Amino acid sequence: MTDIASRWESDVLPSLSGLIEIPAVSPAYDPQWWEKGHLLAAAEHVRQWIATHDGLTAEVIERPGRTPLLFAEAAGPAEGGTVVIYGHLDKQPPLGDWSEGLGPWQPVVRDGRLYGRGSVDDGYAAYAAVTALTAGRAHARTVLLLETCEESGSVGLEDYLADLADRIGEVSLVICLDSMGLDYERLWMTTSLRGAVQATVTVRILDTPLHSGVASGIVPSSFRIMRQLLDRVEDSATGAVTVPEMNVPIPAIRREEAALLAALQPGVGASFPLTGTARRVSDDDVELLLNSTWRPTLSVIGAAGMPAPEVAGAVLRSATTLRLSFRTPPGVSAEAAAGALTKILTTDVPYGATVEVSDLMLIDGWDAPAPAPWLTAALDEIGSQVFGKPNATVGVGGGIPFIGMLAERFPAAQFVVTGAVGPDSNMHALDEFLNLPYAYRLTEAIALLLAVHAQS
Ligand SMILES: [Zn+2]
């Protein structure tokens, strides 16, 4: 057993298991988070563990009305710039009944997996970072930023970063341990993230509902008007989102990466639970990858103004409300996209109906800048040394709001966005687990990366 694996088993697993036992659900899913104190307890639990390691100090910081942040520091030379390692301690809610013998707040090690909510997303990150920092290799001064609001959109993180700017210092490398790979065979680097525009759209045609036998054919249906409005922003035959402000040219390098990834892992989405004879939007893996990472998409994620079918009366409803969720490619300004969307939906509305667009939620995407030559060389070398296989890159279809914040705050820094989540980790779902052998190797890779950075 390597030194890192044995340290995981003797030092990390007992404390990480304790962290899993804390129901530190992210504030968006637990309005009573402050009274309950679980987020603070999680931060304090990890602070105490970090403080048992020589060369590290840790402090829990609380801004009024915000969830706490755990700030830790590993002493080291700072001339080449500080390293920032990011992770988060808040968790998704349990979701439902976990499998026999498992539970969200019940750490279970079985077949090389540590089960429990927040094991892989993202409790392991702090532990992997500290184990890498204390592995006996060189490292520069390193700051750990462990927030407790990631699953709720990192509300308040920007203010923490501003407050801590002096203590963080000049940053030359940011390592984010909250992303994912598509297998456990290699080191995965995230090269892009999509953004999002969510909006609630209401089409109102009547002040009160009417008998549909009396009014239909005279008063237009609010649902039909909604269909026409949606046709302005999405081609219903292909799913292409046609708002110009939501589309970008796809960079050649990202197309090449998608082709490489499709060759490495054919059958994109083939494991999704498509029902009956249902099929994917295309059989072309490269197009599917680009669709889900570099093209905008629309999902209707909620509706109001409609009764459930079993209690629906024969009325012409007065209004239809839909919650629209657009995923937007990197490079799209969510604010500009939302402005364009609002204009399209509220201009020249059929039959003069009233359209209201409200409750916008905006996230910008992220496209990784080209890594510095030293970093590319280091990652190539580390990937083959630790995993015996070349690294792979992946574009991620979801958004991680803090990456944009960190990129803006540390414009000169190099970014390594990776993580222990694999294709079957059940992140956000039932039976979440951390693949332990992968976590050990990822820890080793971080230790090596820190050493190369310290010497670069
Ligand atoms: Zn996460």
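All values reported here derive from a predicted model rather than from experimental measurement.

The next subject is the overall build of the protein. Summing up its helical and strand segments, the protein has 14 helices and 18 strands in all. Projected onto the principal axes, the alpha-carbon positions of the protein cover approximately 80 × 50 × 45 Å. In the protein, which comprises 456 residues, the share counted as buried stands at 43%. Across the protein, the fraction of contacts at a sequence separation of at least 24, relative to all contacts at a separation of at least 6, is 80%.

Attention shifts here to helix α4 (residues 119–133). In this model, α4 (15 residues) spans 20 Å end to end at C-alpha, consistent with the 21 Å of a helix rising 1.5 Å per residue. At Ala 125, α4 is bent by approximately 35°, the largest bend along its length. Here α4 lies mainly inside the structure; 15 of its 15 residues are buried.

Contact geometry for helix α1 (residues 3–20) and helix α3 (residues 38–51): axes closest at 10 Å, N-to-C directions at 170°. Compared by their axis directions, α1 and α3 come out roughly antiparallel. Listed contacts from α3 to Ser 15, Gly 18 and Leu 19 of α1 are Ala 42, His 45, Val 46 and Trp 49. Across the contact of α1 with α3, the residue classes break down as four nonpolar, three polar and no charged.

This next bit is on the domain arrangement of the protein. Partitioning the protein into structural domains gives domain 1 (3–193 + 365–455) and domain 2 (195–256 + 290–363). Inter-centroid distance (C-alpha atoms) of domain 1 to domain 2 is 36 Å. At the level of secondary structure, the elements contributing two or more residues to the side of domain 1 that touches domain 2 comprise β8 (188–193), β15 (366–367) and β16 (392–396). Among the elements that line the side of domain 1 that touches domain 2, the one with the most residues is β8, at three residues. Per-class residue counts for the side of domain 1 that touches domain 2 are four nonpolar, six polar and one charged.

Before going further, it helps to examine helix α8 (residues 222–233). The end-to-end C-alpha distance of α8, which contains 12 residues, comes to 17 Å, matching closely the 16 Å that a straight helix rising 1.5 Å per residue would cover. Residues of α8 that are buried in the fold lie against β9 (195–204), β13 (319–328), α11 (334–346) and β14 (354–363).

Counting residues in each nonpolar core, the largest one holds 97 residues, and the members touching the most others are Val 46, Ala 128, Ala 129, Val 174, Ala 439 and Ile 446. The element that contributes the greatest number of residues to this core is helix α14 (residues 436–455), accounting for 11 residues. If sequence neighbours within four positions are ignored, Ala 129 has contacts with Ile 85, Gly 87, Leu 144, Leu 177 and Ile 446. In this structure, Ala 196, Val 197, Val 203 and Leu 229 belong to the second largest nonpolar core, which totals 23 residues.

The omega angle of the peptide bond from Asp 121 to Asp 122 is 10°, so this bond is cis rather than trans. Even without a glycine there, the phi angle at Asp 111 is positive, about 50°. Looking at the element boundaries, Asp 111 is found in the loop between β4 (108–110) and β5 (113–115). Although it is not a glycine, His 428 sits at a positive phi angle of roughly 70°. Its location among the elements puts His 428 in the loop between β17 (414–417) and β18 (433–435). On the neighbour-count criterion, His 428 (15 C-beta atoms within 10 Å) is partly exposed.

Bringing the sheet that holds β18 into the picture now. Strand order in the open sheet formed by three strands is β4-β5-β18, and the pairing between neighbours is antiparallel. At either margin of the open sheet sits one strand with a lone partner, and together these are β4 and β18. Averaged over all pairs of adjacent strands, the angle between their axes in this sheet comes to 20°, without regard to strand direction. Across the face of the sheet, α14 comes into contact with β5 and β18 while running at roughly 60° to β18.

Next up on the list: the environment of Leu 16. Along the chain, Leu 16 falls in helix α1. By the C-beta count within 10 Å, which is 25 here, Leu 16 ends up buried. Placed 362 residues apart in sequence, Leu 16 and Ala 378 show a C-alpha to C-alpha distance of 29 Å. Those residues within four positions of Leu 16 in sequence are excluded, and the remaining contacts are Leu 114, Gly 123, Tyr 124 and Tyr 127.

Another aspect to go through is the environment of Gly 352. Secondary-structure assignment places Gly 352 in the loop between α11 and β14. Among the residues examined, Gly 352 registers 9 C-beta atoms within 10 Å and is labelled exposed. The spatial distance from the C-alpha of Gly 352 to the C-alpha of Ile 205 is 8.3 Å, given a sequence separation of 147 residues.

On to the sheet that holds β14. Ordered by their spatial adjacency, four strands build an open sheet running β11-β13-β9-β14, and the pairing between neighbours is antiparallel. Of all strands in the sheet, those with a lone pairing partner are β11 (297–304) and β14, marking the two edges. Taking each pair of neighbouring strands and ignoring which way they run, the sheet shows an average axis angle of 20°. As judged from the seven bridges shared by β11 and β13, these two strands associate in the antiparallel manner. In the sheet register, Thr 297 faces β13, and the bridge partner there is Arg 327.

It is worth spelling out the environment of Phe 326 at this point. Looking at where Phe 326 falls in the secondary structure, it is placed in strand β13. Linking Phe 326 and Val 311, residues 15 residues apart in sequence, is a C-alpha distance of 31 Å. Apart from the residues within four sequence positions on either side, Phe 326 is in contact with Ala 196, Val 197, Val 241, Met 246, Pro 296 and Leu 298.

Basis of the calculations
Residues numbered from 1 in each chain as written. Predicted model: local features only at pLDDT ≥ 70, side-chain atom pairs only at ≥ 80, totals over all residues. Helix = DSSP H or I, 4+ residues; strand = E, 2+ residues; numbered from the N terminus. Buried ≥ 20, exposed ≤ 12 C-beta atoms within 10 Å, placed from the backbone. Contact = placed C-beta atoms within 7 Å. Expected span 1.5 Å × (residues − 1). Bend = angle between axes of the 7 residues up to and from the residue. Axes fitted to C-alpha atoms, helices over the stretch in contact; angles between N-to-C directions. Parallel < 35°, antiparallel > 145°, perpendicular 65-115°, else oblique. Nonpolar A, V, L, I, M, F, W, Y, C, P; charged D, E, K, R; others polar. Domains from an automatic or database assignment. Core = buried A, V, L, I, M, F, W, Y, C linked by C-beta atoms within 7 Å. Pairing = 2+ DSSP bridges.

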